[in-house]
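Next come the chains, spelled out residue by residue.
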Amino acid sequence: MQKSLSRRTFLKNTALTSAGFMIVPRHVLGGNGFVAPSDTVNVGLIGAGGRGNRNANALMALKDVQITAIADPANYWDLANFYYRTEAGRGPVKKRLEKHYGSGLSIAEYTDFRKMLEQESGLDAVLCATPDHTHAYVSLMSMRAGKHVYCEKPLTHNIWEAREVRKVAKETGLATQMGNQLHSSKGIRLTVEYLRAGAIGKVHEVHAWVGATRWTVGLTAVPSNSHPVPQGLDWDVWLGPRAKRDFHSTYAPVSWRDYWDFGCGGMGDFGCHDLDAAVWGLDLDAPNQIMLHPAGYSDQDIVPYGEIGYFHFPARGEQAAVKLNWYTGGLKPDVPEMLPQDLVLAGRGALYVGEKGMMLYEGSGKAPRLFPEELNRSFSLTEPSLAPTNGHHRDWIDAIKGGAPASSNFDYGARLTEITLLGVLSLRMGKKILWDSENMKARGLPEADAFIQEKVRKGWEM
């Protein structure tokens, strides 16, 4: 055996016969990619930008996890003037990791994550924090390589990808988690518990709003000129499945979300957060009608400043039909008469309308508020239905080690993502979508097929 062959690789790939006993690979005993509870989980970080850096911080807080490799087409990004207020890219994140782990550990680094998958045989799992347009490709390649996967939201960039990722996750049986971290927060989980316990009776309408807007507010066209490619950036790898184009600073490192080719606007960015409690708590499946309207300028290339619109979910089992209203860009619903008329809605929140009353959740860790006020006095949550969470990343690691599946695993994450992307589809089409979920078709709109499954560059097929 070569000295470089790790104990984990040895146990995964070798079976020895000794004294009549067979020592078999651990995945035979504990599932695909099984890691013993006593072992350290080796993770490869794919995408070392702002979100990648924050995810790295979360994993560094777990004592039984070690990031051993990084893949990112960019060596360095200065994010001081962006939301993340930091430096990122392979270089800065590698430096932070090596300082954290100490003992002279050298983190392997790659420009192309595919090379990492080929060469880092000791990896148990990967965390994907790339731009939206590469989420599906990274997740599919990684699962097919036998790696457990955590992928940032939205799980995919189009609906076909969501279904493909869901299918492969089920086929492989690997531990997965979508990175909608609020899913594991106290406030959203309490909202789900209240909905399941019937605090306001059967729910027939939901309003969800978030103040998200475009990064580049005055954007009206794709760049007509180009900028020099930053040193240390492999622009071709960054583009991934998308058609070749010249680099421009409005594409990267952060404002790629403003372009349909790479991002999905406020709907795609926040739908998996702010629709989560409704989808989870009411067990919503596919809507049959979706209509979103843009607020502010948008076109076939550029996402709108904000959005307003609705999703209609037909009755399902004991759940009544639900109309879900969505608002971004500072738009909010009216304050119903049942609520105090001097109430000022927070910049982010959700309002649930039921047979008995209303429930308001304003995006904090506090419990939802029930209206009329007597509901707060008469309702008590006696038997929680959700298993406790140890944290969004912790739950994924525990699932890798044979624990229960993480609650935003790809089976659920893909369903939530598809609902979100149906809103994106309506925005991009500029039309109401009559959704045929079984056949993955927009009725009467064959031109929608190009957005349901987008074309990809040769070499990036999924």
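Residues numbered from 1 in each chain as written. Predicted model: local features only at pLDDT ≥ 70, side-chain atom pairs only at ≥ 80, totals over all residues. Heavy atoms only, no water.

(A) Up close: the overall build of the protein. The secondary structure content of the protein amounts to 15 helices and 19 strands. Taking 462 residues into account, the globule formula puts the C-alpha radius of gyration at 23 Å, and the protein, at 23 Å, falls close to it. Seen through its principal axes, the protein has C-alpha atoms that stretch 75 × 60 × 45 Å. Counting only residues that meet the buried cut, the protein has 56% of its 462 residues in that class. Per element, the accessible surface of the protein, about 20,100 Å² overall, is 51% carbon and sulfur. (Helix = DSSP H or I, 4+ residues; strand = E, 2+ residues; numbered from the N terminus. Rg over C-alpha atoms; globule rule 2.2 N^0.38 Å. Buried < 20%, exposed > 50% of the residue type's maximum accessible area, 1.4 Å probe, protein only. Areas by Shrake-Rupley, 256 points an atom, 1.4 Å probe, with all protein chains shown as cover.)

(B) Quick look at the sheet that holds strand β17 (residues 369–371). Strand order across the open sheet formed by nine strands is β17-β16-β15-β11-β14-β13-β12-β18-β19, with mixed pairing between neighbours. Of all the strands in the sheet, the pair left with one neighbour each is β17 and β19 (441–442). Taken together, the three bridges between strand β16 (residues 358–361) and β17 define a ladder with antiparallel strand orientation. Looking at β17, one finds that leucine 360 is bridged to arginine 369. Most of the contacts of helix α10 (residues 265–274) go to strand β14 (residues 322–327), to which it runs at about 125°, and overall it touches β11 (203–209), β12 (289–295), β13 (306–313) and β14. (Pairing = 2+ DSSP bridges. Contact = heavy atoms within 4.5 Å. Axes fitted to C-alpha atoms, helices over the stretch in contact; angles between N-to-C directions.)

(C) Main features of the packing of aromatic side chains. Scanning the model with the defined rule gives twelve aromatic pairs in all. Between tryptophan 235 and tyrosine 251, the ring centres sit 6.2 Å apart and the planes meet at 15°, which makes this aromatic pair stacked. Remark: tyrosine 251 occurs in the loop between α9 (235–239) and α10 and tryptophan 235 occurs in helix α9; sequence separation between them is 16 residues. Judged by relative accessible area, which is 8%, tryptophan 235 ranks as buried. Tyrosine 251 gets classed as buried once you look at its relative accessible area, which sits at 4%. Between tryptophan 238 and phenylalanine 262, the aromatic rings sit 5.1 Å apart at their centres with planes inclined by 70°, giving edge-to-face as the arrangement. In this pair, tryptophan 238 is assigned in helix α9 and phenylalanine 262 in the loop between α9 and α10, connecting sequence segments 24 residues apart. The pair formed by tryptophan 238 and phenylalanine 262 is uniform in burial state, with each residue classed as buried. By the ring-pair criterion, three or more aromatic residues cluster together here, those being Trp235, Trp238, Phe247, Tyr251, Tyr259 and Phe262. Over the face of the ring belonging to phenylalanine 270 we find lysine 153, whose NZ or CZ atom lies 5.6 Å from the ring centre. (Phe/Tyr/Trp six-rings, centres within 6.5 Å; stacked < 30°, edge-to-face > 60°. Lys NZ or Arg CZ within 6 Å of the ring centre and 35° of its normal.)

(D) Just the sheet that holds strand β4 (residues 65–71), in detail. Strand order in this open sheet of six strands is β7-β4-β3-β8-β9-β10, and the pairing throughout is parallel. Each edge of the sheet is formed by a strand with only one pairing partner; in this case those strands are β7 (108–110) and β10 (176–179). In this sheet, adjacent strand axes meet at a mean angle of 25° when their direction is disregarded. Here strand β3 (residues 41–46) pairs with β4 via six bridges, running parallel. Bridging across to β4, isoleucine 46 finds its partner in alanine 71. Its contacts with the sheet place helix α4 (residues 90–101) against β3, β4 and β7, and it is angled at close to 155° to β4.

(E) Structural context of the pattern of salt bridges. In this structure the tally under the stated criterion is 24 salt bridges. For the salt bridge of glutamate 454 with arginine 242, the shortest nitrogen-to-oxygen distance reads 3.3 Å. With a gap of 212 residues between them, glutamate 454 in the segment after α15 (449–452) and arginine 242 in the loop between α9 and α10 connect regions that are remote in the sequence. Of the residues examined, glutamate 454 reaches a relative accessible area of 12% and is grouped as buried. Arginine 242 gets classed as buried once you look at its relative accessible area, which sits at 5%. A salt bridge links aspartate 274 to arginine 348, with the shortest nitrogen-to-oxygen separation between them at 2.9 Å. Pair noted here: aspartate 274 is in helix α10 and arginine 348 is in the loop between β14 and β15 (349–354), with a separation of 74 residues, a long-range link. Its relative accessible area of 26% is what places arginine 348 among the partly exposed residues. (Salt bridge = Lys/Arg side-chain N within 4 Å of Asp/Glu carboxyl O.)

(F) Broad picture of the nonpolar core. By size, the foremost hydrophobic cluster in this structure holds 85 residues, and its most contacted members are Met143, Leu275, Phe311, Trp326, Tyr352, Leu425 and Trp435. Ranked by the residues each element gives to this core, the list is headed by helix α14 (residues 410–429), at eleven residues. Judged by nonpolar contacts, the second largest core, of 25 residues, contains Leu59, Leu62, Tyr101 and Ala399. (Core = buried A, V, L, I, M, F, W, Y, C linked by side-chain atoms within 4.5 Å.)

(G) Spatial organisation of α4. Relative to the 16 Å expected for twelve residues at 1.5 Å per residue, α4 spans 16 Å between its end C-alpha atoms, a close match to the ideal helical length. Buried within α4 we find Arg90, Pro92, Val93, Lys94, Leu97 and Tyr101. (Expected span 1.5 Å × (residues − 1).)

(H) A look at the side chain of histidine 392. Looking at where histidine 392 falls in the secondary structure, it is placed in helix α13 (residues 392–400). Residue classification places histidine 392 among the buried positions, given a relative accessible area of 5%. Within the structure, the side chain of histidine 392 is placed 2.7 Å from the side chain of serine 184, a separation counted as a polar contact. Sequence-distant contacts of histidine 392, defined by excluding residues within four places in its chain, comprise Tyr150, Gln177, Met178, Gly179, Asn180, Gln181, His183, Ser184 and Ser408. (Polar contact = N/O pair within 3.5 Å; in protein donor to acceptor, adjacent residues only side chain to side chain.)

(I) View of unusual backbone geometry. Following lysine 153, the chain continues to proline 154 via a peptide bond in cis, the omega torsion being -15°. Backbone torsion omega between alanine 252 and proline 253 reads 20°, so that peptide bond is classified as cis. Here proline 253 is to be found in the loop between α9 and α10. A positive phi angle, near 55°, is found at aspartate 283, a position not held by glycine. Mapping aspartate 283 onto the fold places it in the loop between α11 (276–282) and β12. By relative accessible area, which is 40% here, aspartate 283 ends up partly exposed. Although it is not a glycine, methionine 440 sits at a positive phi angle of roughly 55°. Positionally, methionine 440 belongs in the loop between β18 (433–436) and β19.

Note that all results are geometric; they support no functional claim without further evidence.
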